[in-house]
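If you want the building blocks of each chain, they are given just below.
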Amino acid sequence: MKSMYRRIIVVASVFVLVIVTVASFFSIRITMQEEQGALCEQLMQAARYAARSAKKEEDLDHIAALMGARVTRISLAGEVLYDSGGQSGYYLDQPDVIRAISTGAGEEISFTGRLAQMQVAVSVRQGDSILRLTKSQTVFRNGDWGLFAALCVIALFVMLIVQLRYIANHAR
């Protein structure tokens, strides 16, 4: 009889562990989405401010330093007019830039790697040029957390089934 109570406690513990794992997964996912949205909003506000008020390269350098972001000014022809990172490239094919050309503003979030680099890019059209701010952060991708949670749930479900079978076999 004592063994049966232990098994019930083990099964209940596994059940609680499953619930905690699933709740943690959803909590982490919601937090990541909130952080992504907040970062996009901050960068968009900085880009709009810079588009309105930055007249010289020093102003753009100041905004880049304050935001910890890379600031790039691109002509509608694709020429890089200014880049706080000192790099050049072709940006007119970037989704945020394409949206900024057509609607006035655009944003894009992309991920690379297993321990992902999340890059947020926002662009604002300013007359005949585009002002683009990009910032990177290291995060886990949502899919990685989903895979982790799924594996935990499967492992715990298998443990639960084994424990229930044991209880059923010993109850007879």
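Residues numbered from 1 in each chain as written. Predicted model: local features only at pLDDT ≥ 70, side-chain atom pairs only at ≥ 80, totals over all residues. Heavy atoms only, no water.

**Here we look at the pattern of salt bridges**
Item 1. The tally for this structure, following the rule as stated, stands at three salt bridges.
Item 2. Salt-bridge contacts for D83 lead to R70; the nearest nitrogen and oxygen are separated by 2.6 Å. With a gap of 13 residues between them, D83 in strand β2 (residues 80-83) and R70 in strand β1 (residues 70-75) connect regions that are remote in the sequence.
Item 3. A relative accessible area of 10% places D83 in the buried class.
Item 4. Judged by its relative accessible area of 24%, R70 falls in the partly exposed class.
Item 5. The partner of R132 in a salt bridge is D96, and the shortest N-O contact between them spans 2.8 Å. Of this pair, R132 sits in strand β5 (residues 129-138) while D96 is found in helix α3 (residues 95-103), placing the two residues 36 residues apart along the sequence. (Salt bridge = Lys/Arg side-chain N within 4 Å of Asp/Glu carboxyl O. Helix = DSSP H or I, 4+ residues; strand = E, 2+ residues; numbered from the N terminus. Buried < 20%, exposed > 50% of the residue type's maximum accessible area, 1.4 Å probe, protein only.)

**Thoughts on α3**
Item 1. Listed as buried for α3 are D96, V97 and A100. Summarising the axial view, the buried residues of α3 lie within an arc of 100°, below the 170-degree limit, and thus occupy one face. Opposite the packed face of α3, turned more than 90 degrees from it, sit the exposed residues S102 and T103.
Item 2. Buried residues along α3 sit against β1, β3 (105-112), β4 (117-126) and β5. (Arc of directions from axis to C-beta. Contact = heavy atoms within 4.5 Å.)

**Details of the sheet that holds β4**
Item 1. Strands sit in the order β2-β1-β5-β4-β3 across an open sheet of five strands; the sheet is antiparallel. Both edges of this open sheet fall to β2 and β3, since each of them pairs with a single strand only. Neighbouring strand axes in the sheet, compared pairwise and without regard to direction, differ in orientation by 15° on average.
Item 2. In this sheet, β5 lies alongside β1 in antiparallel orientation, the contact comprising six bridges. Looking at β5, one finds that T72 is bridged to R132. (Pairing = 2+ DSSP bridges. Axes fitted to C-alpha atoms, helices over the stretch in contact; angles between N-to-C directions.)

**Some thoughts on the side chain of D96**
Item 1. Judged by its relative accessible area of 0%, D96 is buried.
Item 2. Looking at D96, its side chain comes within polar contact range of the side chain of S123, at 2.5 Å.
Item 3. At 2.8 Å, the side chain of D96 forms a polar contact with the side chain of R132.
Item 4. Not counting the four nearest positions on each side in its chain, D96 is found in contact with G106, E107, E108, A121, V122, S123 and R132. (Polar contact = N/O pair within 3.5 Å; in protein donor to acceptor, adjacent residues only side chain to side chain.)

**A word on helix α2 (residues 57-67)**
Item 1. When α2 is considered as a whole, its buried residues turn out to be L60, I63 and A64. Take α2 and look down its axis: the buried residues cluster within an arc of 100°, on one side only. Exposed and facing more than 90 degrees away from the buried side of α2 are E58, A65 and L66.
Item 2. Taken from the residues just after α2, G68 is the one with a positive phi, measuring 65°.

**Here's the deal with the pairing of β1**
Item 1. Burial within β1 is extensive, with five of its six residues counted as buried.
Item 2. From the end of β1 to the start of β2, which pair antiparallel, there are four residues, and G78 there has a positive phi angle of about 100°.

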